[in-house]
Amino acid sequence: MDVLGSLGTHLACAPHGRDVELRGVALHDPAENTTATAGDVLLGLGTPSVAAASRLVSSTAASAVVLHGRPPLDERVVAAARKSGAAVLLVEPSVPWSQLANVTQTLVNGGTRTGDLFGLADVIAGVVGGPVTIEDQQSRVLAYSYRQEDVDPVRVQTILGRRVPEEARRALDEFGVFSHLASSDEPIFVPKLTPQLGNRLVAAVRAGRELLGSVWVEVTGPVDAARSAALVDGARTAALHLLRSRASTDLERQAEADLVIRLLDQPESADVARLGLPSADLRVIAVQAHAGEGEHGAAVLAFQRATAGFGWSRPGRSALFGNVLYTVIPAADDAVAWVRSLERELPSEATVLAGIGGPAEAAQLPTSRQEADECLALSTGSPVVYDDAWAQVLLHRLGAVAESGRLPTRGPISNILRYDAENGTQYAATLRAWLAAQGDVRTAARELNVHPNTLRYRMQKMAEVTPLPLDDPDQRLAMAIALRITR
């Protein structure tokens, strides 16, 4: 239920509570008698009416029945559930049965009877004979066995730092450990490579052809065939755990992303509370990540890192839209620090650009998203925050207006730009400096690195090219903006 709840599933009735062990998945076939047994999850295909659903629930031996529908559950189906003892789950009708079947199969059949990954690490340590760590593809520690006495320094650093130290990883890579794991399911014995790194027996954790991670056992020397085979069995069990965890995480990510996109596009139809966010004082962060030649690889990795961990343990809620990662975060949190922490989670060669929108209530988040997008367009490395960069955002918008041909094509600035282009003069730069210095000739001349008399001469010649109403504040403002956006 913790996983399916994020897919729009409601536990409508559970006569025996949630603590019911599930062992299989069955599909209801209206044309045949479905042979569901105790411990099965029965997917109720072909139950278009309340009467059909009631008959199915009352007659089944399954522990749970999944039906398309929205709460509340009809009392006739509730009565049928009390009779059979089956829990009833209602799923949004828009969720296809094929997706439900795949997810339910993974959740039910992908589990094991050996507890969590830490419990599995203890089991492997007891059978193979040595402290164990279970790691992902990036050598990050997912679990480790309880007893870690008398381990070598690298094992201590690995557990404390939650990943293999870089020096040890290089030594293992040079020995060929990672290339072996990528191509073989057979365990590999790794002798003592450095004074800090002792003997290891390592096996790949794989699902089909995909490498999910690895299991590492610290040993005193080469092991016999029985212990090696036990490690292979342990790695296979670890694969089931990781597949189940991935199914749960992917579903939660997708559900979160759907809610975030809806919040940014149509906030009136979104439920902020489901995301665990307040209804006010929010802001949007827009992030683009690039690494190497892949267009979206770094962006997908950024999305995975941004959504890693339990929802309550991270401040933001995220969605990946194209190659832009959008994160909604409470305005009270340090958005720049959030971007910096995300950068540290990505490969060192990745380039991260970020724009941060202004504070907004939930209903105003589309505006904050637009501001984040515009700040992102201005970013060259450091995150650009709308609160500090609104003037640049305004000029950027006006620049877009100019590029679309909606800027007046006649007037003093157009005349000066045209004259510069035809005669090689620098009148536009001179006027820009004079306006920026608010008419202070010496400051403007210093900015242009010319003598003040040179600047005065240019101003006089400009007046011969086109009328310059420099005494009118509105005219000065309009000329300054036109010069800024046509730079």
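Calculation criteria
Residues numbered from 1 in each chain as written. Predicted model: local features only at pLDDT ≥ 70, side-chain atom pairs only at ≥ 80, totals over all residues. Heavy atoms only, no water. Pairing = 2+ DSSP bridges. Helix = DSSP H or I, 4+ residues; strand = E, 2+ residues; numbered from the N terminus. Contact = heavy atoms within 4.5 Å. Axes fitted to C-alpha atoms, helices over the stretch in contact; angles between N-to-C directions. Buried < 20%, exposed > 50% of the residue type's maximum accessible area, 1.4 Å probe, protein only. Salt bridge = Lys/Arg side-chain N within 4 Å of Asp/Glu carboxyl O. Arc of directions from axis to C-beta. Polar contact = N/O pair within 3.5 Å; in protein donor to acceptor, adjacent residues only side chain to side chain. Expected span 1.5 Å × (residues − 1). UniProt positions renumbered as here; feature names shortened; annotations may be inferred.

As recorded in an unreviewed UniProt entry, the protein goes by the name DNA-binding transcriptional regulator, PucR family, listed as coming from Lentzea fradiae.

Looking at this structure, I do not really get the sheet that holds strand β11 (residues 282-290). What am I missing?
In a beta sheet, neighbouring strands pair by backbone hydrogen bonds and run either parallel or antiparallel. Strands sit in the order β12-β13-β11-β14-β15 across an open sheet of five strands; the sheet is mixed. The two strands at the open ends of the sheet, each matched to only one other strand, are β12 (317-321) and β15 (384-385). Here six bridges tie β11 to strand β13 (residues 324-330), and the two strands are oriented antiparallel to one another. Along β13, the bridge assignment pairs A286 with Y326. Together, β11, β12, β13, β14 (351-356) and β15 form the strand contacts of helix α10 (residues 335-345), whose direction differs from that of β11 by roughly 25°. Taken strand by strand, helix α11 (residues 365-378) contacts β11, β12, β13, β14 and β15, and its axis lies near 35° from that of β11.

Help me understand the pairing of β11, please; the structure alone is not making it clear to me.
Each regular strand shows side chains that alternate between the opposite faces of the sheet. By the criterion of burial, β11 is predominantly enclosed, with eight of the nine residues buried. Sheet topology places β11 next to β14; six bridges connect them, and they run antiparallel. Bridge pairing in β14 places V287 opposite A354.

Could you clarify how one ought to interpret the pattern of salt bridges in this entry?
Think of it this way: side chains of opposite charge can pair up when their charged atoms draw near. Counted under the stated rule, the structure contains 11 salt bridges. Of the charged contacts in the structure, one is a salt bridge between E343 and R340, with a shortest N-O distance of 3.0 Å. Residue E343 and its partner R340 are located together in helix α10, separated by three residues, close to a single helical turn. Judged by its relative accessible area of 24%, E343 is partly exposed. We note a salt bridge from E464 to K461, for which the minimum N-O separation is 3.2 Å. Of this pair, E464 and K461 both sit in helix α16 (residues 452-465), three residues apart, which is roughly one turn of that helix. A relative accessible area of 60% means that E464 is categorised as exposed.

What is the right way to look at the sheet that holds strand β1 (residues 9-13) in this model?
Taken in spatial order, the five strands of this open sheet run β1-β5-β4-β3-β2, and their pairing is mixed. Of all the strands in the sheet, the pair left with one neighbour each is β1 and β2 (24-27). The mean angle between the axes of side-by-side strands here comes to 25°, regardless of whether they run parallel or antiparallel. The strands touched by helix α1 (residues 50-59) are β3 (40-43), β4 (64-68) and β5 (87-91); relative to β4, the strand with the most contacts, the crossing angle is about 170°.

Could you clarify how one ought to interpret the environment of A429 in this entry?
With respect to the secondary-structure elements, A429 resides in helix α14 (residues 427-436). Taking C-alpha positions, A429 is 66 Å from Y144, a pair spaced 285 residues apart along the chain.

Before we go on, may I ask you to explain α10 in this structure?
Given 3.6 residues to a turn, an α-helix orients residues that are three or four positions apart in the same direction. A335, W338, V339 and L342 are the residues of α10 that are buried. Axial view of α10: buried residues confined to an arc of 100°, hence all on one face. Residue D334 occupies the N-cap position of α10, its side-chain oxygen lying 3.1 Å from the main-chain nitrogen of V336.

Would you mind going over helix α17 (residues 473-485) with me for this structure?
The terminal C-alpha atoms of α17, which comprises 13 residues, lie 18 Å apart, in line with the 18 Å expected from a rise of 1.5 Å per residue. Taken as a whole, α17 has its buried residues at M479, A482, L483 and I485. In this structure D472 caps α17, since a side-chain oxygen of it lies 3.0 Å from the backbone nitrogen of D474.

Sorry, what's going on with the pairing of β2 here?
Here β2 shows a buried face lined by G24 and A26 and an unburied face lined by V25 and L27. Here four bridges tie β2 to β3, and the two strands are oriented parallel to one another. The residue bridging L27 from the neighbouring strand is L43, located in β3.

Would you mind showing me how to read the side chain of S139 here?
With respect to the helices, strands and loops of the structure, S139 is situated in the loop between β6 (132-136) and β7 (141-144). Once you skip the residues sitting within four places of it in the chain, S139 turns out to touch R162, R163, V164, R169 and F178.

What should I look at first to understand the UniProt feature "domain: PucR C-terminal helix-turn-helix" (unreviewed entry) in the protein in this one?
Mapped onto this numbering, the UniProt entry gives "domain: PucR C-terminal helix-turn-helix" (unreviewed entry) at residues 428-485. From the first C-alpha to the last, residues 428-485 spans 12 Å; its make-up is 76% helix and 0% strand.

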